[in-house]
Amino acid sequence: MSTPSYRRILIKLSGEALVGDGAFGIDPGMFARLAGEVRDLVAADIQVALVIGGGNIFRGAGLTQAGVERVTGDHIGMLATVMNALAMQDFLERVGVPTRVMSALKIHQVCEDYVRRRAVRHLEKARVVIFAAGTGNPFFTTDSAASLRAVEIGADLLIKATKVDGVYSADPVLEPEAVLYKRLTYNQALREDLGVMDATAIVLCRDNNIPMRVMNIYEPGALLRLVGGDEIGSLVESGD
C-alpha cells in the first residue's frame, strides 16, 4: 500500500454485520477475517480503534416493547457490546495484534476502564483499542459512542462498517431505484433523514470536523484500500 491517507482511525462495526451467514450470535469466521484486516492496518502503521455494536447478541428495542424499562434494556445492550469486544480482542491477539478493551462501565475483572489519555497512549504504542459499553449511559447509541470516542482520541476518520455499500437516498432493499451518494454533507444527511447515524452522532462529527466513510464490511480488503486513498463507499463530511 502507498502512504496511508490517515494516521488514526476509528472503525464502528455494526453488531448485525458480525453474524456472517447466520442470524444471531458471533460468527468466528467473520471475526477472524476482520482481525486479519485490522492486523494489516496496524502493519501499515495506522492507529486503529474500534467500537462494536451488540445487535448480533441483544436488541433492547424488543424488550422495551414488551414492557421492560428502557434503561434496563440499554444496560443489557451495553453488556452485549462488551462480549463482542472481548471476542474481537481474542481474535486480534491470535494474529499477533496487541489489543486493549476499554469499557465505559466498570468491569475490572475483564477489561480496563475507559480513560481518554490512556486510550491515546495505547494507540501511540500500536495497540488496537476497543471501546465497549457505549458511552456508559442509557439512551445513547453505539453510533453516538463511536462519534464521541472519535472526537476524544482525535481520529482522522470515522469508518462506519455495515452491511450496505454506502449511504443511499432511501432503503435500497425497499426501493431498488434508490441512489447511492458517493459524497454528502452531515447537514444533508440530517435534512434528508438518510439514516447514516443518529442525529447526536452526526452533529458530533459535523461540529468537530471529522469525516466519515460508510462502507460494506463484507468486501474483503476494502478497509486497507480505503485508508490507502481509494474512494470506497460514501464520504460524509462537514459543509453546507
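Scope of this entry: the structure provided in the associated data block. (Residues numbered from 1 in each chain as written. Predicted model: local features only at pLDDT ≥ 70, side-chain atom pairs only at ≥ 80, totals over all residues. Heavy atoms only, no water.)

1. What to know about the packing of aromatic side chains
Move 1: Scanning the model with the defined rule gives two aromatic pairs in all.
Move 2: Ring plane angle 40 degrees and centroid distance 5.7 Å describe the contact between Phe31 and Phe91, whose orientation is recorded as tilted. On the criterion of sequence distance, the pair formed by Phe31 in helix H1 (residues 28-43) and Phe91 in helix H3 (residues 70-94) is long-range, its members being 60 residues apart.
Move 3: Residue classification places Phe31 among the buried residues on the basis of a relative accessible area of 0%.
Move 4: Relative accessible area serves as the criterion here: at 13%, Phe91 is assigned to the buried category.
Move 5: When the ring of Tyr114 is compared with that of Phe131, the centres are 5.4 Å apart and the planes differ by 85 degrees; the resulting orientation is edge-to-face. You can see Tyr114 sitting in the loop between strand S4 (112-113) and helix H4 (116-124) and its partner Phe131 sitting in strand S5 (residues 128-132), a full 17 residues away along the chain.
Move 6: Exposure remark for Tyr114: the relative accessible area of 17% places this residue in the buried category.
Move 7: The exposure class of Phe131 is buried, given its relative accessible area of 3%.
Move 8: Taking the ring centre of Phe91 as reference, the NZ or CZ of Arg94 above it sits at 4.5 Å. (Phe/Tyr/Trp six-rings, centres within 6.5 Å; stacked < 30°, edge-to-face > 60°. Helix = DSSP H or I, 4+ residues; strand = E, 2+ residues; numbered from the N terminus. Buried < 20%, exposed > 50% of the residue type's maximum accessible area, 1.4 Å probe, protein only. Lys NZ or Arg CZ within 6 Å of the ring centre and 35° of its normal.)

2. A look at the layout of surface pockets
If you roll a probe as big as a water molecule over the atoms, it shows you where there is empty space left.
Move 1: Of the voids in this model, the largest pocket is the one considered here, and its volume is about 940 Å³.
Move 2: In this structure, the largest pocket is lined by 43 residues; those nearest its centre are Glu16, Arg59, Thr141, Thr142 and Asp143.
Move 3: If you tally residues by element for the lining of the largest pocket, the top one is H3, at six residues. (1 Å grid on protein atoms, 1.4 Å probe; cavity = no way out; pocket = protein on both sides within 12 Å on 5 of 7 lines; lining within 4 Å. Points joined across faces, edges and corners; volume = space filled by probe spheres on them.)

3. Describing the pairing of S5
Move 1: The buried count for S5 comes to five of five residues, which makes it a mostly enclosed element.
Move 2: Residues Val128, Ile130 and Ala132 line one face of S5 and the alternating positions Val129 and Phe131 line the opposite face, and both faces are buried.
Move 3: Pairing analysis gives three bridges linking strand S2 (residues 47-52) to S5, with the strands arranged parallel. By the bridge assignment for S5, Ala49 is matched with Val129.
Move 4: Bridge count between strand S3 (residues 99-103) and S5: five bridges; the pairing is parallel. Bridge assignment links Thr99 to a residue of S5, and that residue is Val128. (Pairing = 2+ DSSP bridges.)

4. Looking at the sheet that holds S5
Move 1: The strand order across the open sheet built from nine strands is S4-S3-S5-S2-S1-S6-S10-S11-S9, with neighbouring strands paired in mixed fashion. At either margin of the open sheet sits one strand with a lone partner, and together these are S4 and strand S9 (183-185).
Move 2: Those strands touched by helix H5 (residues 142-153) are strand S1 (8-13), S2, S5 and strand S6 (157-162), and its axis lies near 170 degrees from that of S1. (Contact = heavy atoms within 4.5 Å. Axes fitted to C-alpha atoms, helices over the stretch in contact; angles between N-to-C directions.)

5. What to know about the nonpolar core
Soluble globular proteins tend to bury their nonpolar side chains together.
Move 1: Counting 41 residues, the largest nonpolar core has Ile11 and Val48 as the members making the most contacts within it.
Move 2: Elements with a minimum of two residues in this core: S1, H1, S2, H3, S5, S6 and helix H8 (222-227).
Move 3: Those residues in contact with Ile11 that sit more than four places away from it in its chain are Leu41, Val48, Ala49, Leu50, Val51, Ile159, Ala161 and Leu223.
Move 4: Met102, Ala150, Ile210 and Met212 belong to the second-largest nonpolar core, a separate cluster that totals 30 residues. (Core = buried A, V, L, I, M, F, W, Y, C linked by side-chain atoms within 4.5 Å.)

6. Description of the pattern of salt bridges
Move 1: If you walk through the whole model with that rule in mind, you get 16 salt bridges.
Move 2: One salt bridge in this structure joins Asp90 and Arg94, with 2.7 Å as the shortest N-O distance. Placement of the pair is Asp90 and Arg94 together in helix H3, with a separation of four residues, close to one helical turn.
Move 3: We classify Asp90 as partly exposed; its relative accessible area is 37%.
Move 4: Salt bridges linked by common partners bring Arg183, Arg213, Glu231 and Glu237 together as one network. (Salt bridge = Lys/Arg side-chain N within 4 Å of Asp/Glu carboxyl O.)

7. A short note on the environment of Leu235
Move 1: Examined against the element boundaries, Leu235 turns out to sit in strand S11 (residues 234-237).
Move 2: When its relative accessible area of 8% is taken as the criterion, Leu235 is described as buried.
Move 3: The contacts of Leu235, once residues within four sequence positions are left out, are Lys182, Arg183, Leu184, Pro211, Met212 and Arg213.

The quantities given are spatial measurements derived from coordinates; they are silent on function.
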